[in-house]
Amino acid sequence: MSPTVEDSISLPAPVLAAYSYCETVTGSEARNFAYGIRLLPVAERRAMSALYAFSRRVDDIGDGTLAPEVKADRLGATRDILDRIRDGKVDEDDTDPVAVALADAARRFPIPLGGLDELIDGVLMDVKGVTYETWDDLKLYCRCVAGAIGRLSLGIFGPAPGAPQTDKAPEYADTLGLALQLTNILRDVREDAGNGRTYLPADDLAKFGCSDGFDGPHPPAGSDFPGLVHFEVRRARALFAEGYRLLPMLDRRSGACVAAMAGIYRRLLDRIERDPLAVLRGRVSLPGHEKAYVAVRGLSGFDARQIGRQAGRRRA
């Protein structure tokens, strides 16, 4: 059951301050994410901000310049915080606002906190320099760092009462997370290469002559980089098509939130598909007016209705 307005109003001042901190982090560090969650009711939006702020902390450790062993220690300490939250040992006057906010959110919503353990596991894979030979290998990583976030989010806004086939909701949330992460990987391919990371499967890179990597604004000599991008775009589109089946299971505002976030990434994917070399020249993004259009489209319920009709035709 979702918290009531009265629950939100009666939050202790330290908890409100903790949520405010998390919302500030979310607004400044994740504009696409923040754009989507603003469509949620206040309590759900605060809980999603707490979830993001904790996840951001984990990602920042992995992306920082510390030595690998120091990163591993800090990720271990972050897991200890998660254990304290699980055990109900974080008080409202704790000095860590992210822990305070996430602990309150976990008391109010059935958040499967084990998903954050998976996120830490995924970032540890980055710290160890793990590379991926096949899509199945990469999919495991994506499930840790993005699919888990989809399942965690579902714990906050949950399927709508009476929605059909809700037992499939976690699977669809997980798959939608994979679609978003693969889109991120395509968008950030040059930035990741500059940080010494290659996420695209080695099998795929070899197939398109891109095994030498991406260290500049031009693809490897003799490669078929557009072919590689179009191949991965088709894979991401198939994941989106499957993950979008979550939308008809959500209430209007939760569905609008998910449709807005997923829609922004779908449009990024469209841009990448039209101009594959753009990802080597710089960061591909959407202008504000296009994000607003996606949000309105999601709030109207258009995407959820369309997916619902498609699912009905498949069942027929």
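Our structure is the block above this text.
Model, not experiment: these values are computed from the prediction.

## Here we look at the packing of aromatic side chains
- The full count for this structure, using the stated rule, is 6 aromatic pairs.
- Considering the side-chain rings of Phe-208 and Phe-231, the 5.7 Å spacing of their centres and the 50 degrees angle between planes classify their relative orientation as tilted. With Phe-208 in the loop between helix H11 (202-207) and helix H12 (225-243) and Phe-231 in helix H12, the pair connects residues that are 23 residues apart, well separated along the chain.
- The buried category is assigned to Phe-208, whose relative accessible area is 15%.
- Ring geometry for Phe-214 versus Phe-225: centroids 5.3 Å apart, planes at 65 degrees, classification edge-to-face. With Phe-214 in the loop between H11 and H12 and Phe-225 in helix H12, the pair connects residues that are 11 residues apart, well separated along the chain. For the residue pair Phe-214 and Phe-225, the accessibility class agrees, reading buried in each case.
- When the ring centre of Phe-240 is taken as origin, the NZ or CZ atom of Arg-266, which lies over that ring, is 5.6 Å away.
- The ring of Tyr-244 is capped by Arg-266, whose NZ or CZ atom sits 5.6 Å from the centre of that ring.

## Overview of the packing of H12 against helix H13 (residues 252-274)
- Taken N-terminus to C-terminus, the directions of H12 and H13 make an angle of 160 degrees; their axes are 10 Å apart at the nearest point. Taken together, H12 and H13 sit at an angle that is classed as roughly antiparallel. As H12 packs across H13, the resulting crossing turns out to be left-handed. Contacts from Val-229, His-230, Val-233, Ala-236, Arg-237 and Phe-240 in H12 reach Ala-262, Tyr-265, Arg-266, Leu-269, Asp-270, Ile-272 and Glu-273 in H13.
- Partitioning the contact of H12 with H13 into residue classes produces 8 nonpolar, 1 polar and 4 charged.

About the thresholds
Residues numbered from 1 in each chain as written. Predicted model: local features only at pLDDT ≥ 70, side-chain atom pairs only at ≥ 80, totals over all residues. Heavy atoms only, no water. Phe/Tyr/Trp six-rings, centres within 6.5 Å; stacked < 30°, edge-to-face > 60°. Helix = DSSP H or I, 4+ residues; strand = E, 2+ residues; numbered from the N terminus. Buried < 20%, exposed > 50% of the residue type's maximum accessible area, 1.4 Å probe, protein only. Lys NZ or Arg CZ within 6 Å of the ring centre and 35° of its normal. Axes fitted to C-alpha atoms, helices over the stretch in contact; angles between N-to-C directions. Parallel < 35°, antiparallel > 145°, perpendicular 65-115°, else oblique. Left-handed = near helix turned anticlockwise from the far one by under 90°. Contact = heavy atoms within 4.5 Å. Nonpolar A, V, L, I, M, F, W, Y, C, P; charged D, E, K, R; others polar.

Read these as geometric descriptors, not functional statements.
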